[in-house]
Amino acid sequence: MSKTLSRNLTSKNPRMVRGEGIYLFDAEGRRYIDGASGSALVCNIGHGVKEVAAVMTPQAEELAYNPFHCSRSLAYEEMAERLIRLAPQGFGKVFSVSSGSEAVENAVKFGRQYQVARGLPSKHLVISRWQSYHGNTLGALACSGYTGRRRKHAPIFKDAVHIPPAFCYRCYFEKNYPSCELKCARALENAILQEGPENVSAFIAEPVVGAALGGAPAPPGYFQKIREICNKYDVLFIADEVMCGLGRAGASFAIENWSVTPDLIASGKGLGSGYFPMAASLISDAVSNTVQAKGAAFEGVHTCCGHLLGSRVATVILDYMVKNDLARNSKEQGRRLLQGLEEIKTRHASVGDVRGLGLMCGVEFVKDKATKEPFPPELKVAERVMDACMERGLIVFPGHGAVDGTAGDHLLIGPPLVITSSQVTALLEILSDAIDAVKKEILN
Ligand SMILES: Cc1ncc(COP(=O)(O)O)c(C=O)c1O
């Protein structure tokens, strides 16, 4: 009997022992296409990259960890320099942590420190969106709009204000793009006015929604409108790029797809690509200079911030990403993947929507394509399809709540960014076959 806590107490998950590129191998020698890059959309550079392994032991032998409160390291400086090179213009500072949740919370706290530093201490509220995911620690969960993960804990955190998501397939306003005139973005203005701009510190959003909506990018023009509203009311814009950043959405940072510059960015997952738990908050000069002008250092601290060995690993990963032009491959193969998913949608009555940007794609299942009626949550359709994929050698990531926070089944599909065209085809074939199998079981 295992002594570890797992996400699923009943399942007999295979024991993974080896990885190579987009493939994972279990203890029985079975090969899987890792269509989720780990849990979830983490291992951007692929498994078993020798360049990463090559630096780990020597660096650990030399020095793995330095006291962050009273010393510096070249590794951290180099990692930060690489990240800033990839970031939108105007970003100059990096604060590295161990998880995306910490990266989000520190971005929020840095924003708050900025408001206090410039003499606006009433600005404290964070506005976020329903059907979003910003992490599982209490502060990040308060920002999240992922009902299944937050409802039980809501009484013990200080909640953010939530506005509707930018989700055209199930538009909260029952409009169609572009005649909707981006009501979902305008909802931010209403929320700011409702709370009072003098009380609002920041708005946080994922450019492409991951776990909560299954690869749903905001429509064109959305973040331009959001930026305009934030500027108008002196509210910071935090882009949560923990999942969609670092090549995942076909660009170094996903927000580039809207040609918009946020004030703060939360980065994670791909930064350590599963080789090391690395994440980071990126801070724009306008924000960090204001805080520093007051002679204040950032007040964030964690045991592993600026981790030396982690920084060394992340530097190699970022170099690998640039050298192999993974953002471009993500864009190209993402197009191919989405096209294949579109074909699957036409063939399968249970596939209501497919969506995505770069190699961050999603499939939403429906009982009725015309009405978009979801399957009853107790049928666990997303898990069933995931299990059927697993049996056939493909790992995907299931999610729920696209309709109302509870109902709605989707899969997130995001293989490592090194995937090739023929591997995309193989992935699609397994997925289609798995959907067929589940259909036979329950769908019809
Ligand atoms: C967009 C987004 N933000 C934050 C997080 C939290 O990251 P972590 O699980 O590393 O704390 C996640 C994790 O899935 C995420 O997808």
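Residues numbered from 1 in each chain as written. Predicted model: local features only at pLDDT ≥ 70, side-chain atom pairs only at ≥ 80, totals over all residues. Heavy atoms only, no water.

(A) Examining the overall build of the chain more closely. For the chain, the helix and strand inventory stands at 13 helices and 17 strands. Here the C-alpha radius of gyration of the chain, 21 Å, is about what a compact globule of 444 residues would show, namely 22 Å. With respect to the three principal axes, the spread of C-alpha positions in the chain is 65 × 55 × 40 Å. Within the span of the chain, comprising 444 residues, buried residues form 57% of the whole. For the chain, restricting intrachain contacts to residue pairs at least 6 apart in sequence, the fraction spanning at least 24 positions comes to 72%. For the chain, the accessible surface area stands at approximately 19200 Å², while carbon and sulfur atoms represent 52% of it. (Helix = DSSP H or I, 4+ residues; strand = E, 2+ residues; numbered from the N terminus. Rg over C-alpha atoms; globule rule 2.2 N^0.38 Å. Buried < 20%, exposed > 50% of the residue type's maximum accessible area, 1.4 Å probe, protein only. Contact = heavy atoms within 4.5 Å. Areas by Shrake-Rupley, 256 points an atom, 1.4 Å probe, with all protein chains shown as cover.)

(B) Expanded view of the pairing of strand 1 (residues 16-20). Sheet analysis places strand 1 next to strand 2 (residues 23-26), joined by four bridges and oriented antiparallel. Bridging from a neighbouring strand, Arg 18 pairs with Phe 25 of strand 2. If you look at the hairpin formed by strand 1 and strand 2, you'll find two residues sitting between the two strands, and Gly 21 has a positive phi there, around 60 degrees. (Pairing = 2+ DSSP bridges.)

(C) Layout of the pattern of salt bridges. Here the structure, examined in full by the defined rule, presents 22 salt bridges. Here Asp 319 ties to Arg 82 by a salt bridge, and the two come within 2.7 Å at their closest N and O atoms. One end of the pair, Asp 319, is in helix 10 (residues 308-323); the other, Arg 82, is in helix 3 (residues 74-86), with 237 residues separating them in the sequence. For Asp 319, a relative accessible area of 31% translates into the label partly exposed. The exposure class of Arg 82 is buried, given its relative accessible area of 18%. The closest approach of N and O atoms between Arg 392 and Glu 391, which form a salt bridge, is 3.7 Å. Looking at Arg 392, the relative accessible area reads 29%, which means it is partly exposed. Here the salt bridges share partners, and the residues they tie into one network are Glu 81, Arg 82, Arg 85 and Asp 319. (Salt bridge = Lys/Arg side-chain N within 4 Å of Asp/Glu carboxyl O.)

(D) Molecular detail of the environment of Gly 414. You can see Gly 414 is positioned in the loop between strand 17 (409-413) and helix 13 (421-443). Beyond its immediate stretch of four places on either side in the chain, Gly 414 contacts Gly 35, Ala 36, Ser 37, Leu 41, Arg 248 and Leu 359.

(E) Molecular detail of the packing of aromatic side chains. Taken as a whole and assessed by the stated rule, the structure comprises 10 aromatic pairs. Pairing Phe 68 with Phe 95 gives two aromatic rings, centres 6.4 Å apart and planes at 65 degrees, and the pair type is edge-to-face. Within this pair, whereas Phe 68 is found in the loop between helix 2 (50-62) and helix 3, its partner Phe 95 is found in strand 4 (residues 91-97), the two being separated by 27 residues in sequence. Classification of Phe 95 by relative accessible area gives buried; the value is 7%. Between Phe 95 and Phe 298, the ring centres sit 5.0 Å apart and the planes meet at 85 degrees, which makes this aromatic pair edge-to-face. Of this pair, Phe 95 sits in strand 4 while Phe 298 is found in the loop between helix 9 (285-293) and helix 10, placing the two residues 203 residues apart along the sequence. With respect to burial, Phe 95 and Phe 298 carry one shared label: buried. (Phe/Tyr/Trp six-rings, centres within 6.5 Å; stacked < 30°, edge-to-face > 60°.)

(F) Seen up close, the nonpolar core. Counting residues in hydrophobic clusters, the biggest one holds 143 residues, and the most contacted among them are Leu 83, Phe 203, Tyr 222, Phe 223, Leu 341 and Leu 431. In contact with Tyr 222, not counting residues within four places along its chain, are Arg 129, Ala 166, Leu 182, Cys 184, Ala 185, Phe 203 and Trp 258. (Core = buried A, V, L, I, M, F, W, Y, C linked by side-chain atoms within 4.5 Å.)

(G) Seen up close, the site of the ligand. Taken together, Ser 99, Gly 100, Ser 101, Tyr 133, His 134, Gly 135, Glu 206, Asp 240, Val 242, Met 243 and Lys 269 make up all the residues around the ligand. For the ligand, a nitrogen atom lies 3.4 Å from a polar atom in the backbone of Tyr 133. In the model, an oxygen atom of the ligand is placed 2.9 Å from a nitrogen or oxygen of the Lys 269 side chain. When the ligand sits alone it has 390 Å² of accessible area, and the protein chains cover 83% of it. Tallied by class, the residues present in the shell around the ligand amount to three nonpolar, five polar and three charged. (Near = heavy atom within 4 Å. Polar contact = N/O pair within 3.5 Å; in protein donor to acceptor, adjacent residues only side chain to side chain. Nonpolar A, V, L, I, M, F, W, Y, C, P; charged D, E, K, R; others polar.)

(H) A look at the packing of helix 4 (residues 100-117) against helix 9. For the pair helix 4 and helix 9, interaxial distance at closest approach is 9 Å and the crossing angle is 55 degrees. With respect to helix 9, the axis of helix 4 lies oblique. Crossing of helix 4 over helix 9 shows left-handed handedness. In this structure, helix 4 contributes Phe 110, Gln 113, Tyr 114 and Ala 117 to the contact, and helix 9 contributes Ala 286, Val 287, Ser 288, Thr 290 and Val 291. Tallied by class, the residues present in the contact of helix 4 with helix 9 amount to six nonpolar, three polar and no charged. (Axes fitted to C-alpha atoms, helices over the stretch in contact; angles between N-to-C directions. Parallel < 35°, antiparallel > 145°, perpendicular 65-115°, else oblique. Left-handed = near helix turned anticlockwise from the far one by under 90°.)

(I) Spatial organisation of helix 8 (residues 222-232). Along helix 8, the residues that are buried comprise Tyr 222, Phe 223, Lys 225, Ile 226, Arg 227, Ile 229 and Cys 230. Buried-residue contacts for helix 8 involve strand 5 (125-129), helix 7 (183-195), strand 7 (200-205) and strand 10 (236-241). Within two residues after helix 8, Asp 234 carries a phi angle of roughly 55 degrees, on the positive side.

(J) Up close: the sheet that holds strand 6 (residues 161-163). Spatially, 4-12-11-10-7-5-6 is the arrangement adopted by the seven strands of the open sheet, whose pairing is mixed. Two strands close off the open sheet at either side, each with one partner strand: strand 4 and strand 6. With strand direction ignored, the average angle separating the axes of adjacent strands in the sheet is 20 degrees. Contacts between helix 8 and the sheet are confined to strand 5, strand 7 and strand 10, with strand 10 contributing the most and set at about 145 degrees to the helix.

(K) The side chain of Ser 252, seen in detail. Within the element layout of this structure, Ser 252 appears in the loop between strand 10 and strand 11 (264-267). Discounting residues that sit within four places of it in the chain, Ser 252 has contacts with Leu 86, Gly 245, Leu 246, Gly 247, Met 321 and Ala 327.

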